[in-house]
Amino acid sequence: MSVLEYKCPHCGGALVFDSGTQKMLCPFCDSSFDVEALRQHDENLKSLEQENINWDDLEESDWKRGELEDMILFSCSSCGGEIMGDKSTVAKSCPYCGNTAIMTKQVSGVLRPDCIIPFKLDKNAAKKALTGFYNGKPLLPGAFRSQNSIDSITGIYVPFWLFDCDAHAAIQYKATRVHMWSDSKYNYVKTDHYELFREGDISFERVPVDGSAKMDDSYMDAIEPFDYSAAVDFQTAFLSGFVADKYDVDCEQSKPRANDRIKASTEDAFSETVAGYSTCIPQKASISIEDGKIRYALLPVWMLNTKYNGKTYTFAMNGQTGRFIGALPIHWGKFWLYLTGISALLSTLGILVINLMF
Amino acid sequence: MKKTLFFFILVFLAGSTSFYQAMGSDAYEYVADKADLLLDYEISELNEQISAIIQAHGFDVAIVAIETTDGKSITAYTDDYFDQYGLGLGPDRDGLIFLISMAQRQWHITTHGKCTAIFGGSAIDAIGSSLTPYLSSGDYYSAFETLLERIDSYAFSQPSSFSGGYIEYDESSEERYVGILAVILISLGIALFTVFSMKRQMNTARRQRAAGNFVREGSFNLTRQSDMFVHTHTTRTRKAEAPPSGGGATHTSSGGSRFGGGGGKF
Ligand SMILES: [Zn+2]
Ligand SMILES: [Zn+2]
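In this report, we go over the structure that sits alongside the text. Predicted model, so just to flag it, every value in this text is computed and none were measured.

## Here's the deal with the packing of aromatic side chains
Geometry of an aromatic ring pair is reported as the spacing of the ring centres plus the angle between the planes.
Residue and element names in this part refer to chain A.
Okay, so step 1: Enumeration according to the criterion identifies 32 aromatic pairs over all chains in this entry.
Okay, so step 2: Taking 5.5 Å as the distance between ring centres and 90° as the angle between the ring planes, the aromatic pair formed by F144 and Y313 counts as edge-to-face. With a gap of 169 residues between them, F144 in helix 3 (residues 142-147) and Y313 in strand 14 (residues 311-318) connect regions that are remote in the sequence. Assigned by exposure class, F144 and Y313 land together as buried.
Okay, so step 3: Taken together, the ring pairs in this structure connect F119, Y157, F242 and W302 into an aromatic cluster.
Okay, so step 4: When the ring centre of Y194 is taken as reference, the NZ or CZ atom of R177 above it lies at 4.8 Å.
Okay, so step 5: A cation over an aromatic ring shows up here: R177 above the ring of Y277, its NZ or CZ 4.4 Å from the ring centre.

## Quick look at helix 5 (residues 251-271) of chain A
Okay, so step 1: The end-to-end C-alpha distance of helix 5 of chain A, which contains 21 residues, comes to 30 Å, matching closely the 30 Å that a straight helix rising 1.5 Å per residue would cover.
Okay, so step 2: Residue D250 of chain A occupies the N-cap position of helix 5 of chain A, its side-chain oxygen lying 3.1 Å from the main-chain nitrogen of E252 of chain A.

## A short note on the sheet that holds strand 1 (residues 16-18) of chain A
Residue and element names in this part refer to chain A.
Okay, so step 1: The strand order 1-2-3 describes an open sheet built from three strands, whose pairing is antiparallel. At either margin of the open sheet sits one strand with a lone partner, and together these are strand 1 and strand 3 (32-33).
Okay, so step 2: Of the pairings in the sheet, the one linking strand 2 (residues 23-25) to strand 3 comprises two bridges and is antiparallel in character. Pairing of M24 across the sheet is with F33, part of strand 3.

## So, the coordination of the zinc ion (ligand 1)
Residues and elements named next belong to chain A.
Okay, so step 1: At the metal site, the zinc ion (ligand 1) is ligated by C8 (SG), C11 (SG), C26 (SG) and C29 (SG), and these contacts range over 2.2 to 2.3 Å.
Okay, so step 2: Geometry at the zinc ion (ligand 1) is tetrahedral, judged from the four donor atoms that bind it and their angles of 99 to 119° at the metal.
Okay, so step 3: In terms of primary sequence, the donors binding the zinc ion (ligand 1) are separated according to C-x2-C-x14-C-x2-C. Taken as a pair, C8 in the segment before strand 1 and C26 in the loop between strand 2 and strand 3 lie far apart in primary sequence, 18 residues in all. Of the two residues examined, C8 and C26, each falls in the buried class.

## Here's the deal with the side chain of S347 of chain A
Okay, so step 1: Examined against the element boundaries, S347 of chain A turns out to sit in helix 6 (residues 332-357).
Okay, so step 2: We classify S347 of chain A as buried; its relative accessible area is 10%.
Okay, so step 3: When sequence neighbours within four positions are dropped, the list of residues in contact with S347 of chain A reads V183, I184 and S187 of chain B.

## Here's the deal with a nonpolar patch on the surface
All names here are of chain A.
Okay, so step 1: On the surface, a cluster of nonpolar side chains totalling about 280 Å² of accessible area is made up of L345, L349 and L352.
Okay, so step 2: Structurally, L345 can be placed in helix 6.
Okay, so step 3: Residue class for L345 comes out exposed when judged on its relative accessible area of 55%.

## Considering helix 1 (residues 35-47) of chain A
The α-helix winds at 3.6 residues per turn, so residues separated by three or four positions along the chain end up facing the same way.
Okay, so step 1: Helix length check: helix 1 of chain A (13 residues) gives 19 Å between terminal C-alpha atoms against 18 Å at 1.5 Å per residue, within 8%.
Okay, so step 2: Where helix 1 of chain A is buried, its residues touch strand 2, strand 3, strand 9 (149-182), strand 10 (186-210) and strand 13 (279-308) of chain A together with strand 5 (221-238) of chain B.

## Thoughts on the pattern of salt bridges
Okay, so step 1: By the definition in use, this model includes 23 salt bridges over all chains.
Okay, so step 2: For the salt bridge of E36 of chain A with R39 of chain A, the shortest nitrogen-to-oxygen distance reads 2.9 Å. You can see E36 of chain A and its partner R39 of chain A sitting in helix 1, three residues apart, about one turn around the helix.
Okay, so step 3: Given the relative accessible area of 43%, E36 of chain A is considered partly exposed.
Okay, so step 4: Under the relative-accessibility criterion, R39 of chain A is labelled partly exposed at 38%.
Okay, so step 5: Salt-bridge contacts for D268 of chain A lead to R209 of chain B; the nearest nitrogen and oxygen are separated by 2.9 Å. Of the two residues, D268 of chain A sits in helix 5 while R209 of chain B sits in the loop between helix 7 (171-202) and strand 5, which places them in two different chains.

## Quick look at the pairing of strand 4 (residues 106-112) of chain B
All names here are of chain B.
Okay, so step 1: Here strand 4 lies mainly inside the structure; six of its seven residues are buried.
Okay, so step 2: Sheet topology places strand 3 (residues 95-101) next to strand 4; seven bridges connect them, and they run antiparallel. Paired with I97 across the bridge in strand 4 is T110.
Okay, so step 3: Counting the residues between successive antiparallel strands, the hairpin from strand 3 to strand 4 contains four residues, one of them, R105, with a positive phi of roughly 50°.

## Here's the deal with the nonpolar core
Okay, so step 1: Residues M220 and F315 of chain A are the most contacted members of the largest nonpolar core, which totals 97 residues.
Okay, so step 2: The element best represented in this core is strand 9 of chain A, accounting for 14 residues.
Okay, so step 3: Residues in contact with M220 of chain A, not counting those within four places in the same chain, are V158, F160, D210, M215, V301, M303 and A316 of chain A.
Okay, so step 4: Counting 36 residues, the second-largest nonpolar core is a separate cluster that includes I43, L96, Y140 and A155 of chain B.

## Describing the layout of surface pockets
Residue and element names in this part refer to chain A.
Okay, so step 1: For the second largest pocket, the calculated volume is near 410 Å³.
Okay, so step 2: Lining the second largest pocket are 19 residues, and of these V90, K92, S93, I153 and T154 lie nearest its centre.
Okay, so step 3: Here the lining of the second largest pocket takes five residues from strand 9, the largest share from any one element.

## What about the sheet that holds strand 2 (residues 60-66) of chain B?
All names here are of chain B.
Okay, so step 1: Strand order in this open sheet of six strands is 1-2-3-4-7-6, and the pairing throughout is mixed. The open sheet terminates on both sides in strands that have one partner only, identified here as strand 1 (31-33) and strand 6 (251-252).
Okay, so step 2: Of the strand pairs in this sheet, strand 6 and strand 7 (residues 258-265) are connected by two bridges, and their pairing is antiparallel. Within the sheet, the bridge partner assigned to H251 lies in strand 7 and is F259.
Okay, so step 3: Across the face of the sheet, helix 5 (residues 121-137) comes into contact with strand 3, strand 4 and strand 7 while running at roughly 150° to strand 4.

## As for the interface of chain B and chain A
Okay, so step 1: In this assembly, 61 residues from chain B lie in contact with 86 residues from chain A.
Okay, so step 2: Summed over both partners, the interface of chain B with chain A buries about 6,800 Å², with 61% contributed by carbon and sulfur atoms.
Okay, so step 3: Three residues, M202, F214 and R224 of chain B, lead the burial of chain B against chain A; their summed loss comes to 13% of the area buried on that side.
Okay, so step 4: Connecting chain B to chain A are six salt bridges.
Okay, so step 5: Along the contact surface separating chain B from chain A lie 38 residue pairs in polar contact (both at pLDDT 80 or more).
Okay, so step 6: Sorting the residues of the side of chain B that touches chain A by element identifies helix 1 (2-17), helix 7 and strand 5 of chain B as the ones contributing at least two each.
Okay, so step 7: The leading source of residues in the side of chain B that touches chain A is helix 7 of chain B, at 19 residues.

Rules of the game
- Residues numbered from 1 in each chain as written.
- Chains lettered and ligands numbered in written order.
- Predicted model: local features only at pLDDT ≥ 70, side-chain atom pairs only at ≥ 80, totals over all residues.
- Heavy atoms only, no water.
- Phe/Tyr/Trp six-rings, centres within 6.5 Å; stacked < 30°, edge-to-face > 60°.
- Helix = DSSP H or I, 4+ residues; strand = E, 2+ residues; numbered from the N terminus.
- Buried < 20%, exposed > 50% of the residue type's maximum accessible area, 1.4 Å probe, protein only.
- Lys NZ or Arg CZ within 6 Å of the ring centre and 35° of its normal.
- Expected span 1.5 Å × (residues − 1).
- Polar contact = N/O pair within 3.5 Å; in protein donor to acceptor, adjacent residues only side chain to side chain.
- Pairing = 2+ DSSP bridges.
- Donors = N, O, S within 2.8 Å, 3.2 Å for Na, K, Ca; no water.
- Tetrahedral: all angles 85-135°; square planar, octahedral: opposite > 155°, others 65-115°.
- Contact = heavy atoms within 4.5 Å.
- Patch = residues over 30% accessible without salt bridge, like charges linked within 9 Å, V, L, I, M, F, W, Y side chains within 5 Å.
- Areas by Shrake-Rupley, 256 points an atom, 1.4 Å probe, with all protein chains shown as cover.
- Salt bridge = Lys/Arg side-chain N within 4 Å of Asp/Glu carboxyl O.
- Core = buried A, V, L, I, M, F, W, Y, C linked by side-chain atoms within 4.5 Å.
- 1 Å grid on protein atoms, 1.4 Å probe; cavity = no way out; pocket = protein on both sides within 12 Å on 5 of 7 lines; lining within 4 Å.
- Points joined across faces, edges and corners; volume = space filled by probe spheres on them.
- Axes fitted to C-alpha atoms, helices over the stretch in contact; angles between N-to-C directions.
- Buried area = accessible area lost by both parts, 1.4 Å probe.

Here's what the structure looks like:
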């Protein structure tokens, strides 16, 4: 019988068939298994071997006549940042470093965006959001708010690579169920060990990875998500009054980041199907990406810079949803004051309670 | 955070209520001369003195003379007597009992509540040494008078508030310090959690680990799953033995009260 080839999933020893119980027994660790369960287990192991990642080439669209000529490229001689605008755009300062030494060039050698989400919120909305962002921040230095002036505020179309795909995953987990009880003398802990297997599909739509090295990834991730239903075909007219960042990270370089995020979400979705165990640890996962499509999109972001004590603070707002992100300076004096103040207050209350007790 | 604090206070309040035990009745004689050591007028004299001490200091006092402890240890007998007759005043049952057993020629003082703090080990020893000469010579009335004088003077030397009185041989002071330490640590923990969440708000730029926002709705489809039992493992550990009770100068009676005190022979 071919079943004799099975190995014990617990200790790896060769299993033998026991005709009495109609089960496979492990002579080394005394475990016993259904033949059908072992057959499945073997199949699971095969599924775990396969992993493919297939992204199609970028769907390029050609520039229409006159489109490139309608745009100008601004190049910052200080930080090297490059932005594009329509002909009427006057770039006074670099949105990344605030430098005013800007060179003007012809646009060439860039891909035409597949789609664009137009700005929905204007400059005033961004300014208002910044003041709102200061509220409810007890550790903000008082002077930051009062001395604060907005150094620059720019509406930028940020280049994003959008990744669509179907993911196929096979994941193996080791899980335990723990029971505890005790008698008069001993405490007992019984741990049942399980091997779990999950296989299935999940699809992703337009996972964004920003194509700008100048843009902090944490900022661009944090202003997600955009509502893609408002995306329209690209036209240079949308650039009027705004600038577009010229991508400097191409879609090929962005793939690993897209893969990581897709795999992480796939693992999350499968982990949620495991219930009723005390612990569950993924052992092996094979995640394949199929039918992967990549598109190039321009998404609207307001970038704000403020200066405080000679340091620049950067904020970003989703130009469509208004989600506001930024990093503020911390007043360490306030930090310690709150730490000691809260500790002292709670300790005093607690000691009062204790004095009532004893 | 507010919830944690509330819960924490609640736990302590719930714990403290168990300390408030039923108050005992005070229908008993202050002097119980079951060994017939005293004359009637001596008893009433002592009763009056005790009554004055009780009014002045707010704790209970009793003098008991017996023939024998019926095989019990004198400590246990005295403690049980205290419980049995519901001695002690107030919620903490503050009180002191002096018991003398003629068969064993032994005396014992049991203290409870604030009396345990006032009459520590050294105080009991001092009281004992001033009584022993009278007891040995059979002058019981003088012994008891001296006893009451010493009780009165010890009580007077104590501050009226007993917040600082729990120093000597007292288990509850240890518990209290552990409690205070726990309170400080928990407070520090809550404060750390609060300020670090404040600090976290200062920088909201965070990289995304996953892409959960971009899963196509309804696309997740599980095609195969199995949960296979592999093996089981049971461990057994011996329960920790209950820590030995008593130690130091306090002990717990069969009725569950915590007493202090001491005694000697004559
Ligand atoms: Zn085995
Ligand atoms: Zn620059």
